[in-house]
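Observations on the three-dimensional arrangement
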Amino acid sequence: MLSRLGALGVAALLTGLGVPASASAAPAGRTAPTAEEARLDRAAPQEILRRSGFDSVAPELADALDKVRSYDQAQRLVVREGQSLWRRAVDRAQGKQQSGLSKDDDRPLYWARLGMTRELRQWEPNRFALTDRQRDRLMGALERSSRGQDTVDHRSGKQEKGKGHGHGHVKRILVTGFDPFTLDRDVRISNPSGAAALALDGTTIRTADGPARVEAVVFPVRWDDFADGAVERALRPYLPRVDLFTTISQGRVGKFDIERTNGAWRGGFADNENLSRTGTVPVRDPATQPQWTSTTLPYKEIVAAKTGRFPVYDNTSVTEIPAGGSEPVVRLDGPTEGSAARAGGGGDYLSNEIAYRATLLRDRLGLHDRLPGGHVHTPVLQFGAGNTDPATGEVTDPEFVRNRLDIIAQVRGILGVAASSS
């Protein structure tokens, strides 16, 4: 999740993040677009939507909302349309739909979803009264359904007859990705973790230990969603039923990292709403909250395997305040006894937080010793050498596409090794 700010440079990443994106005044009685939604009107998002064919998604939702006669009907509509958007994005990523952008592009899903949330946020029913609480519920249902969070299909680990693998157990893998972020630095940005989630959702990986089915979901880059329990709500129903899970995000330039340790600390870097949060990761039952959680992925085997062109590292470093100390200290070999977290191996942003939350949930469900799980940081997805200026650059280029495809392929390879070694 580019939690190591040095990867692209703190100064570069903070450009534009100090001032919230402008949003035009909303009509009377309606809710103004969020800072995230307001970016929709920029040229690059509009081009991405147009070239992908996803530019019709939000207008179609607006038209359908105008015909709604009750809250219950609205709820069914937003779930159906959210699931439809997710399935359309997955189908596109897996080559079942063609358009003017390469199939591996995760950005049409992101920008189309924001178009939908903006329409829903500003919608005023003309046949019934809608309370703020009801609108919030509709927004939540749209978010979850358009992120694949309510359609994970891991009901059985048994291979069905006639599916090409014969009979026997099929391992079940759950992966998570993220939306694009740091969009005020460059609104063209794509997130390879979200692209990998779309490319892998519902697919079967052949491993040395037999077939493994992957299900994927995507999360927002927003501090407050995490504080509200979005990760736990999405993952709790499925972790007891899977054989392996990994949260995935964008990390350092030119390398993959398997993060050994996750820390219970938020470092405050601005999210997609231009909000900053600093302090201990807020979870239920804080009295039993550990400062650190650890991976149970087979990191040694993953690092040793040939999974693609990018090197893969076992990252053991953390930043802590030692027991009895007052200043942060970097520890290359992990945390010391009684220390307070200030950064996990994956930093102190939302990538570290999703890893912390997912592995803490694993442990609180009593699954630590039997469920391999942890966090994978991908390389930073880079544009081609002649396409680095956010103001004048193209929304895509051949090197950009090649980098994303290679990252996706290597994520698939890493999952194959992890499934075989678990």
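**Concerning the overall build of the chain**
Of the regular secondary structure elements, the chain holds 13 helices and 14 strands. A burial count over the chain gives 55% of its 422 residues as buried. For the chain, restricting intrachain contacts to residue pairs at least 6 apart in sequence, the fraction spanning at least 24 positions comes to 77%. When the accessible area of the chain is evaluated, it comes to approximately 17,400 Å², of which 49% is carbon and sulfur surface.

**Re the pattern of salt bridges**
Overall, the coordinates contain 34 salt bridges when judged by the stated rule. Between R222 and E36 there is a salt bridge; the shortest N-O distance is 2.9 Å. Here R222 is found in the loop between β3 (210–219) and α9 (223–227), whereas its partner E36 is found in helix α2 (residues 35–38), with 186 residues between them in sequence. Of the two residues, R222 and E36, neither departs from the other in class, the shared state being buried. Among the ionic contacts, a cluster of salt bridges with common partners joins E36, R113, E143, R147, D179, R222 and D225.

**Quick look at the packing of helix α8 (residues 192–200) against helix α13 (residues 398–420)**
Two elements in contact, α8 and α13, have axes separated by 9 Å at closest approach and are oriented at 65 degrees. At the point where α8 passes α13, the crossing takes the right-handed sense. Here α8 contributes P192, A195, A196, A199 and L200 to the contact with α13, which in turn contributes R404, I407, I408, V411, R412 and L415. In the contact of α8 with α13, the residues fall into nine nonpolar, no polar and two charged.

**Describing unusual backbone geometry**
Positioned with a positive phi, N274 is a non-glycine residue whose angle comes to about 60 degrees. Unusually for a residue other than glycine, D285 sits at a positive phi of about 55 degrees. Note that D285 resides in the loop between β8 (278–280) and β9 (292–294). You can call D285 partly exposed: its relative accessible area is 43%.

**As for the packing of aromatic side chains**
Here the structure, examined in full by the defined rule, presents nine aromatic pairs. For the pair W223 and Y349, a centre-to-centre distance of 5.5 Å together with 75 degrees between the ring planes defines the contact as edge-to-face. Note that W223 is positioned in helix α9 and Y349 in the loop between β13 (340–343) and α12 (350–364), a separation of 126 residues in sequence. Within the aromatic cluster, the residues linked to one another by ring pairs are F181, W223, F269 and Y349. Over the face of the ring belonging to F54 we find R88, whose NZ or CZ atom lies 4.2 Å from the ring centre.

**Remarks on the sheet that holds strand β12 (residues 329–331)**
Reading across the sheet, the three strands line up as β12-β11-β13 and stay open at both edges, with antiparallel pairing between neighbours. On the outer flanks of this sheet lie β12 and β13, each paired with one strand and no other. For this sheet, the mean inter-axis angle between neighbouring strands, taken without regard to orientation, is 45 degrees. In terms of strand pairing, strand β11 (residues 318–321) meets β13 through three bridges, oriented antiparallel. Bridging across to β13, E320 finds its partner in A341.

**Overview of a positive patch on the surface**
Together, R144, R233, R236 and R284 line one region of the surface with positive charge. Tracing the chain through its elements places R233 in helix α10 (residues 230–235). Exposure remark for R233: the relative accessible area of 48% places this residue in the partly exposed category.

**Let's talk about empty space enclosed by the protein**
A water-sized probe rolled over the atoms picks out the places where empty space is left. Summed over all chains, the structure comprises two cavities of 30 Å³ or more. Roughly 50 Å³ of volume is contained in the largest cavity. Counting only elements with at least two residues in the lining of the largest cavity, the list comes to α6 (107–122) and α8. Per-element tally for the lining of the largest cavity: the top contributor is α6, with three residues.

**Topic: the confidence of the model for the chain**
Residue-level pLDDT values for the chain average 91, and 89% of them are 70 or greater. Confidence drops under pLDDT 50 across residues 1–29; counting only partners more than four residues distant or on other chains, this segment forms 71 contacts. Ignoring residues within four places in sequence, the model shows residues 160–167, a span with pLDDT below 50, making nine contacts including any to other chains.

Scoring rules and cut-offs
- Residues numbered from 1 in each chain as written.
- Predicted model: local features only at pLDDT ≥ 70, side-chain atom pairs only at ≥ 80, totals over all residues.
- Heavy atoms only, no water.
- Helix = DSSP H or I, 4+ residues; strand = E, 2+ residues; numbered from the N terminus.
- Buried < 20%, exposed > 50% of the residue type's maximum accessible area, 1.4 Å probe, protein only.
- Contact = heavy atoms within 4.5 Å.
- Areas by Shrake-Rupley, 256 points an atom, 1.4 Å probe, with all protein chains shown as cover.
- Salt bridge = Lys/Arg side-chain N within 4 Å of Asp/Glu carboxyl O.
- Axes fitted to C-alpha atoms, helices over the stretch in contact; angles between N-to-C directions.
- Left-handed = near helix turned anticlockwise from the far one by under 90°.
- Nonpolar A, V, L, I, M, F, W, Y, C, P; charged D, E, K, R; others polar.
- Phe/Tyr/Trp six-rings, centres within 6.5 Å; stacked < 30°, edge-to-face > 60°.
- Lys NZ or Arg CZ within 6 Å of the ring centre and 35° of its normal.
- Pairing = 2+ DSSP bridges.
- Patch = residues over 30% accessible without salt bridge, like charges linked within 9 Å, V, L, I, M, F, W, Y side chains within 5 Å.
- Lys, Arg positive; Asp, Glu negative; His and termini not counted.
- Charge placed at Lys NZ, Arg CZ, Asp CG, Glu CD.
- 1 Å grid on protein atoms, 1.4 Å probe; cavity = no way out; pocket = protein on both sides within 12 Å on 5 of 7 lines; lining within 4 Å.
- Points joined across faces, edges and corners; volume = space filled by probe spheres on them.
- pLDDT = per-residue confidence, 0-100.

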